[in-house]
Amino acid sequence: MNRRYVNLIIILLLLALSIWIDLPSNPGIKIGSFERSLETVLGLDLRGGMQVILSVPSEIAVTQQNLQDAAQILENRSNALGVDEVVYQTAGERIIVGEYPGASNAEDVIGKIKETGQLEFVDFGDVRVPEGTVVETDFGLSASAGAEATPTVEVTPTTEATATAEATPEATPTETTSATRYHTVLTGANLKSVSVVRGQLNDYTVALEFDSEGADILKEWTTANVGKILGIVLDKAVISSPSVNNPIPDGQAEIIGSFTNESANALAVQLRYGSLPIPLEIEQIRVIGPTLGQDSLDKSLLAGIIGFGIVMLFMGIYYRVPGVVADLAIIFYALITFAIFKLVPVTLTLPGIAGFLLSTGSALDANILIFERLKEELRNGRTMRQAIDLAWRRAWPSIRDSNIAALITAAILFWFGSTFGASFVKGFALTLALGVGVSLMTAFTVTRTLLGLVVDLFKDPEQRPGLFGL
Amino acid sequence: MINILGKRYYYFALSLLLIIPGLIILAVKGLPLAIDFKGGTLLELQFPTTQLPETSAVIALYNDMGFKEVQVQTALGISGERDILVIRSPFMDDTTKIALVDQMKTDFGVSEISVNRFDSVGPVIAQQVTSRAALAVAIAALAVILYITYAFRGIPHAFRYGVCAIIAMLHDILIVFSITAIGSLLWDWQMDSMFLTALLTVIGFSTQDKIVVFDRIRENSSFLRKLPFEKLANHSIVQTLQRSINTQLMTVEFMLMSLALFGGVTLREFAVILLVGLLSGTYSSIFIAAPLLVVWENQEWKTWFRKQSANA
């Protein structure tokens, strides 16, 4: 079989696959562990929503793990808001970017971010409750945000810990392991400082210092409860269950256990900053109205379609048969690229669309370069078959080099965008790179194969230069 | 064959004529940076009617809350009515914003004000983004020079091609800055993230276009060795001229014109900057980058001062 027909079959299969993926009604793909819902993901600027950028104050040392943990915790918390899928991502060394599609109420969102994890010291009686267990306590209020931007334990609920047996519905975990409602002895509000102490035998302890009010409560309770367990609970989840060895008279407590340096520090950080391993400050808030986004989207789409139509018309009129073939190739290009966008999935933003348009430009440019060459070779008296071969061979270096330069630029911009939470630059770079890649492919396989096939349809194409825009 | 390169100094003069006014505006007024790059808050408020409060009253309200340097503009809403206030101020947090909007409702007797847009960017991150954006562009430029030098290693002075491409790219960047400066003077344009996107697009397109023109010089130089470089370069430009015009028409004129004409208001500034920038990208390939190669080849700077002294 002719190699050309093999190519054609491959192209048509690819096209069919792309169209199937592009269909808005596509139910999604599931092959083994690979799963894609194949919904077009629109960026905040197109669908409206809110973006928050948080940063770690420069004086705080931070590891990548801290940052990722914090992002994860914030994402979990925010998804409890019940708006659309909230995404938190780390960017660079000290920045976390949160995106809330569809959210327009900044107050809710910020309240959730500022919310301090609620630290409680709980009377477990004789039971050593395993770490991670979700428990119910009688501390009646979930923590609410103060005016402070950093989620440190200093921000405290205004209401005192009382013995009323009332837990808020939201705070009540669904998977309570026991129906027991434990008594909260103290909250993080009374905790003054936390430090890690290294002993002589290379053992580590976590030292806690309480304020005077906390010290009094602690003294009273520990005196009456030597040998019992005073559990430490964060956001209703147990993080440690130390037992009381001696009464603690002065608000200076120590947690002794088989700590390593890391585990001691990890506990200390949890105690210090609530649930977040690092304090965060709000650097940037953006609320984009959905109507504004929709307006842009509709009109840009219309503009894009009009522009695309004119381009196709021009190609057909100017380059005749090759132009029409190129139009087909460009439609293939658009369908395949869009399918890839859905597969990756790429979040479509206005800059992303700009990147896509630019790569469409280079896809067109590749075709134009080839056709101009084709005309030159035909004018020089080559036969059609020779001319087509030469045109491709000679146009290739310029297409290759110009597109590689574009890919280099895209790669550097992508790095910049992901490091600084500049998601718009990242989106631009990603769509540009993907588009340039696909455009190289379509110019060299689709246009060439189709043109070869179409030329075969005509007898003596050299005698009919009008067909090739000469 | 048309002699394009012969008039090269006219093209340089024309470019300077376009760039210098913009640079003067920038020197006098400073960069019209949006809050994305200098920090601050932009609040866009949708009022129920066109009965907008007085600008001075809004500024007074902000001043009372401790915000200096407040700018207030009105804008057309979706309905086509002038019922939107756009207020730019120094950085404020969300709590302050809520208090402010509440205060407005009481002061101006409006029951409902909806917040269309609330952008608040801290000064630290804004500065970081700006400096790193400049760094990213610089690294990209360097990488492109290196790549071109590598790709053109077969012909003499490959390094020159990279440098000339980047100079021409800087030219395009300056043109974009100039048009934005003029726009800032006439229509209050600002350099925001969309501006940066447009700039990046121009940069990407610019290098691509230069390489296509240089590629023809590379190809021709293998069998037109005996021709003087200026002739060779001119020949190559003329050969790629049709392609340059057509690509330019496709990507710029058709695509962007429609975006500028039919796209949403939010995109108009973006489309116009792109239009000018991409046009400049094609122009500079032919009229800046290639002529610079000739100037370099002939080492013409040696005669610049001689000419001047002869004239004087």
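Residues numbered from 1 in each chain as written. Chains lettered and ligands numbered in written order. Predicted model: local features only at pLDDT ≥ 70, side-chain atom pairs only at ≥ 80, totals over all residues.

1. Looking at the domain arrangement of chain B
- The domain architecture assigned to chain B consists of domain 1 (5-34 + 125-303) and domain 2 (40-121).
- Here domain 1 of chain B and domain 2 of chain B have C-alpha centroids that lie 40 Å from each other. (Domains from an automatic or database assignment.)

2. Some details on the interface of chain A and chain B
- Tallying the contact residues gives 58 residues for chain A and 56 residues for chain B.
- Examining the composition of the side of chain A that touches chain B, we find that 14 residues originate from one element, helix α7 (residues 290-343) of chain A, more than from any other.
- The pairing of strand β15 (residues 281-288) of chain A with strand β4 (residues 114-121) of chain B spans five bridges and is classified as antiparallel. In the sheet register, A:I285 faces β4(B), and the bridge partner there is B:S120. (Contact = placed C-beta atoms within 7 Å. Helix = DSSP H or I, 4+ residues; strand = E, 2+ residues; numbered from the N terminus. Pairing = 2+ DSSP bridges.)

3. As for the confidence of the model for chain B
- Averaged over chain B, the pLDDT score is 83; the fraction of residues at 70 or greater is 94%.
- Listed scores for the predicted complex are pTM 0.70 and ipTM 0.78. (pLDDT = per-residue confidence, 0-100.)

4. Topic: the sheet that holds strand β4 (residues 49-55) of chain A
- Strand order across the open sheet formed by eight strands is β5(A)-β6(A)-β4(A)-β15(A)-β4(B)-β1(B)-β3(B)-β2(B), with antiparallel pairing between neighbours. The strands lining the two open edges of the sheet, one partner per strand, are β5 (87-91) of chain A together with β2 (71-75) of chain B. On average, each strand axis in the sheet is tilted by 15 degrees relative to the strand beside it, whichever way the strands run.
- By the bridge criterion, five bridges tie β5(A) to strand β6 (residues 95-101) of chain A in an arrangement that is antiparallel. Its bridge partner being in β6(A), A:A91 is matched across the sheet by A:I95.
- Where helix α5 (residues 123-151) of chain B meets the sheet, it contacts β4 and β15 of chain A together with β4 of chain B, and its direction lies at approximately 80 degrees from that of β15(A). (Axes fitted to C-alpha atoms, helices over the stretch in contact; angles between N-to-C directions.)

5. Side note on the nonpolar core
- If you look at the biggest cluster of nonpolar residues, it comprises 167 residues, and the most contacted ones within it are A:I96, A:A329, A:L413, B:A165, B:A289 and B:A290.
- Per-element accounting of this core gives the leading share, 16 residues, to α7(A).
- Each residue touching B:A289, except ones within four places of it in the same chain, is listed here: B:C164, B:A165, B:A168, B:K210, B:V213 and B:S284.
- Core analysis: the next-biggest nonpolar cluster, separate from the first, contains 27 residues, A:V122, A:I232, A:F259 and A:A264 among them. (Core = buried A, V, L, I, M, F, W, Y, C linked by C-beta atoms within 7 Å. Buried ≥ 20, exposed ≤ 12 C-beta atoms within 10 Å, placed from the backbone.)

6. Considerations on the sheet that holds strand β9 (residues 181-187) of chain A
Residue and element names in this part refer to chain A.
- Spatial ordering of the open sheet is given by β8-β9-β7-β12-β13, a layout of five strands whose pairing is mixed. Two strands in the sheet have a free side with no partner beyond their single neighbour: β8 (136-137) and β13 (237-240).
- Pairing between strand β7 (residues 119-125) and β9: four bridges, direction antiparallel. Bridge pairing in β9 places D123 opposite H183.

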